Amino acid sequence: AKAPLRVAVTGAAGQIGYSLLFRIANGDMLGKDQPVILQLLEIPDEKAQKALSGVMMEIDDCAFPLLAGMTAHSDPMTAFKDIDYAVLVGARPRGPGMERKDLLSANAQIFTAQGKALNAVAKRTVKTLVVGNPANTNAYIAMKSAPDLPAKNFTAMLRLDHNRALSQLAAKTGKAVADIEKLIVWGNHSPTMYPDYRFAMIGGQSVKQMINDEEWNKNTFLPTVGKRGAAIIDARGLSSAASAANAAIDHIHDWHCGTNGKWVTMGIPSDGSYDIPKDVMYGFPVTCENGEYKIVQGLEVDAFSRERMNFTLNELTEEQEGVKHLL
Ligand code: NAX
């Protein structure tokens, strides 16, 4: 049998945690033959810790065969000890009267502390996915706070946006979501993201040609995907949770198990590809193999795409400039 892998999840008593933890313990993330140990972090607040203990009781009651251990923590220095994977979900939400820069600095504190803890105690090969918003910038902060770990192992979640775009394209073309290949979401996990189906294929046919409607792309597809999070809050009264957890599972599953050549979107520190400045935490098309992702290279960037890619890049640059003095 395989040795267990240690997975830390922060914000473990939150909404996303409630959908995510059961699926990790069930083997959906790292494979059906891979035992896992869960190291769960919540804020020290008594209510949060108590809620976490309740979630852990339920996980116990599932009697998951792959769950080899589980611990509760209120300090990242113990939660991240020897971990193989970190899924950083917990973040400071925007409160009433809070401005964007207050939100950025509140989160900068959380993610500098967690980056330093990863740097100090996690396995040297630890792979990190940041889900908590602003996800790209939080991932950037954690990466910059962990100088002894490989920068490439810090990533941000764009996969929910990718999956949302897939489902819109499936509905538009009347085809199965599983048959759509080569979709991309460039940039920031925010309404400025650029979902790009110029290269997408279904059964050997170009999706762009099948749809053949630039007005639909600009006026329906891009805003629908970009504002999907808001539409879900409006309908449900709560932000997306199960779909976000599912996207986190997909992201790490594909990173760990590989994509067999299939393109997926990951927020990763740029290596300069596509003229995105080095280190910016940006959504790129990647393929994964042997636990490593690789940016899909050589794609043409037309004028419309460059404009959209720069728009979302500028937002990221501003966010990352805004936290620089805190790093
Ligand atoms: P909840 O408020 O339900 O849960 C968050 C949990 O995190 C709370 O239990 C809180 O106590 C805990 N927490 C806060 N600070 C912490 C810290 N420093 N260490 C450990 N735990 C901490 O939010 P939920 O709906 O689960 O969403 C979590 C985050 O995901 C939010 O920032 C949200 O904006 C973000 N999202 C990101 C998405 C993405 O695609 N990247 C999509 C879904 C989601 O909106």
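The model shown is predicted, which means the values in this text are computed figures rather than measured ones.

Draft legend 1. Just the UniProt feature "binding site: substrate" (unreviewed entry) in the protein, in detail. Residues annotated in UniProt with the feature "binding site: substrate" (unreviewed entry) correspond here to Arg94, Arg100, Asn133 and Arg164. Taking the farthest pair of C-alpha atoms as the criterion, the annotated set spanning 71 residues is dispersed, since that pair is 25.2 Å apart. Structurally, the position occupied by Arg94 is in the loop between strand S4 (85–88) and helix H4 (100–121). Classification of Arg94 by relative accessible area gives partly exposed; the value is 46%. Tracing the backbone through its elements, the reader meets Arg100 in helix H4. Ignoring any residue separated from it by four or fewer positions in sequence, one finds Arg100 in contact with Arg94, Glu315 and Glu319.

Draft legend 2. Geometry of the UniProt feature "binding site: NAD(+)" (unreviewed entry) in the protein. The positions UniProt marks with the feature "binding site: NAD(+)" (unreviewed entry) are Gly11, Ala12, Ala13, Gly14, Gln15, Ile16, Gly17, Asn107, Gln114, Val131, Gly132 and Asn133. Note that Gly11 resides in the loop between strand S1 (5–10) and helix H1 (15–25). Filtering out sequence-adjacent residues up to four positions away, Gly11 remains in contact with Gly17, Leu41, Glu42 and Gly90. Structurally, Asn133 is set in the loop between strand S5 (127–130) and helix H5 (135–144). Its relative accessible area of 39% is what places Asn133 among the partly exposed residues.

Draft legend 3. Layout of the site of the ligand. Around the ligand there are 23 residues in total, and Gln15, Ile16, Glu42, Val131 and Asn133 lie nearest to it. Between the ligand and Ile16 there is a distance of 2.9 Å, counted from an oxygen atom to a backbone nitrogen or oxygen. At 3.4 Å from a nitrogen atom of the ligand is found a side-chain nitrogen or oxygen belonging to Gln114. Notes on the ligand: free accessible area 880 Å², of which the protein chains cover 80%. Counting residues per element, the ones that place at least two in the shell around the ligand are H1 and H4. The residue makeup of the shell around the ligand, split by class, is 12 nonpolar, 10 polar and 1 charged.

Cut-offs and rules
- Residues numbered from 1 in each chain as written.
- Predicted model: local features only at pLDDT ≥ 70, side-chain atom pairs only at ≥ 80, totals over all residues.
- Heavy atoms only, no water.
- UniProt positions renumbered as here; feature names shortened; annotations may be inferred.
- Helix = DSSP H or I, 4+ residues; strand = E, 2+ residues; numbered from the N terminus.
- Buried < 20%, exposed > 50% of the residue type's maximum accessible area, 1.4 Å probe, protein only.
- Contact = heavy atoms within 4.5 Å.
- Near = heavy atom within 4 Å.
- Polar contact = N/O pair within 3.5 Å; in protein donor to acceptor, adjacent residues only side chain to side chain.
- Areas by Shrake-Rupley, 256 points an atom, 1.4 Å probe, with all protein chains shown as cover.
- Nonpolar A, V, L, I, M, F, W, Y, C, P; charged D, E, K, R; others polar.

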